[in-house]
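Per-entry structural report
Spelled out, the chains give:
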Amino acid sequence: ISCVIGILIGSMAINFFLKWPKIVPIVAGLLLMMISFGVMSFVDHFVISCLLVGLIGFGSPLANISLSTLFMIKVPREVIGRSQRTMNVLLESTNPIALLLTGVLLVSFTIQQMFLFISIAGLLIVLLMVVNPVIRKAN
């Protein structure tokens, strides 16, 4: 419920980022999500965990809506349909692999450690996005 409420609020909050470059809401959303995962790796309190899941939900539309908008703007109209379908097929094909890896990794690591790994990997990706001049200058 907390995640859905966060997604709803984030979907409305994306309108405040219309005048800013697309990289700002993408980075803000990803940072909110990754920092929340990182904090969740150290917190055991239920209410705080629910608030952090709400922040993850809040950050999700900031990143996803901005990425989708950027994708639609930058990809030529002639290939947008095929490009979106190809991207969806690639993303859907990672689901079984992710489920398999999650099961294997949870045998060796705790949930808290997995949240920390997700956070660190996500923060590295955000850092690489910010350093990349092509992504940084995208409008």
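Shown above is the structure to which this text applies.
Fair warning: this is a prediction, and the values are worked out from it, not measured in the lab. (Residues numbered from 1 in each chain as written. Predicted model: local features only at pLDDT ≥ 70, side-chain atom pairs only at ≥ 80, totals over all residues. Heavy atoms only, no water.)

Moving on to the layout of surface pockets. A volume near 310 Å³ is recorded for the largest pocket. For the largest pocket, the full set of lining residues is Leu30, Met33, Met34, Ala63, Asn64, Leu67, Ile118, Ala121, Gly122, Ile125 and Val126. For the lining of the largest pocket, the elements supplying multiple residues, two or more each, are α2 (23-40), α3 (46-74) and α5 (111-131). Of the residues in the lining of the largest pocket, the class split is nine nonpolar, two polar and no charged. Those elements giving two or more residues to the lining of the second largest pocket turn out to be α3 and α4 (80-108). Residue composition of the lining of the second largest pocket, grouped by class: five nonpolar, four polar and no charged. (1 Å grid on protein atoms, 1.4 Å probe; cavity = no way out; pocket = protein on both sides within 12 Å on 5 of 7 lines; lining within 4 Å. Points joined across faces, edges and corners; volume = space filled by probe spheres on them. Helix = DSSP H or I, 4+ residues; strand = E, 2+ residues; numbered from the N terminus. Nonpolar A, V, L, I, M, F, W, Y, C, P; charged D, E, K, R; others polar.)

A word on the nonpolar core. Among the nonpolar cores identified, the biggest contains eight residues, and these are Ile23, Ile26, Val27, Leu30, Ala63, Leu70, Val126 and Met129. It is α2 that provides the largest number of residues to this core, a total of four residues. Listed in part, the seven residues of the second largest apolar core include Met33, Met34, Phe37 and Val43. (Core = buried A, V, L, I, M, F, W, Y, C linked by side-chain atoms within 4.5 Å. Buried < 20%, exposed > 50% of the residue type's maximum accessible area, 1.4 Å probe, protein only.)

Counted according to the given criterion, the structure contains zero disulfides. Not part of a disulfide, Cys50 finds its nearest cysteine sulfur in Cys3, a span of 11 Å. (Disulfide = S-S within 2.5 Å.)

Below, the discussion takes up a nonpolar patch on the surface. Side chains of Ile1, Ile5, Leu8, Ile9 and Met12 sit close together on the surface and give an oily, nonpolar patch of about 550 Å² of accessible area. In this fold, Ile9 is placed in helix α1 (residues 2-13). (Patch = residues over 30% accessible without salt bridge, like charges linked within 9 Å, V, L, I, M, F, W, Y side chains within 5 Å. Areas by Shrake-Rupley, 256 points an atom, 1.4 Å probe, with all protein chains shown as cover. Salt bridge = Lys/Arg side-chain N within 4 Å of Asp/Glu carboxyl O.)

This brings us to the environment of Arg136. For Arg136, the position within the fold is in helix α6 (residues 133-136). Arg136 gets classed as partly exposed once you look at its relative accessible area, which sits at 38%. Sequence-wise, Arg136 and Pro21 are 115 residues apart; in three dimensions their C-alpha atoms are separated by 8.5 Å. The residues contacting Arg136, other than those within four sequence positions of it, are Ile23, Met129, Val130 and Val131. (Contact = heavy atoms within 4.5 Å.)

Moving on, we come to the environment of Pro133. Checked against the element boundaries, Pro133 lands in helix α6. Owing to a relative accessible area of 40%, Pro133 belongs among the partly exposed residues under this scheme. For the pair Pro133 and Ser93, spaced 40 residues apart in the sequence, the C-alpha separation amounts to 30 Å.

For the rest of this paragraph, the subject is the side chain of Ser66. Inspection of the secondary structure puts Ser66 in helix α3. Residue class for Ser66 comes out buried when judged on its relative accessible area of 4%.

The subject of this paragraph is α4. Here α4 contains 29 residues, and its C-alpha end-to-end distance of 41 Å stays within 8% of the 42 Å for a straight helix at 1.5 Å per residue. A maximum bend of about 25 degrees is found in α4 at Pro96. (Expected span 1.5 Å × (residues − 1). Bend = angle between axes of the 7 residues up to and from the residue.)

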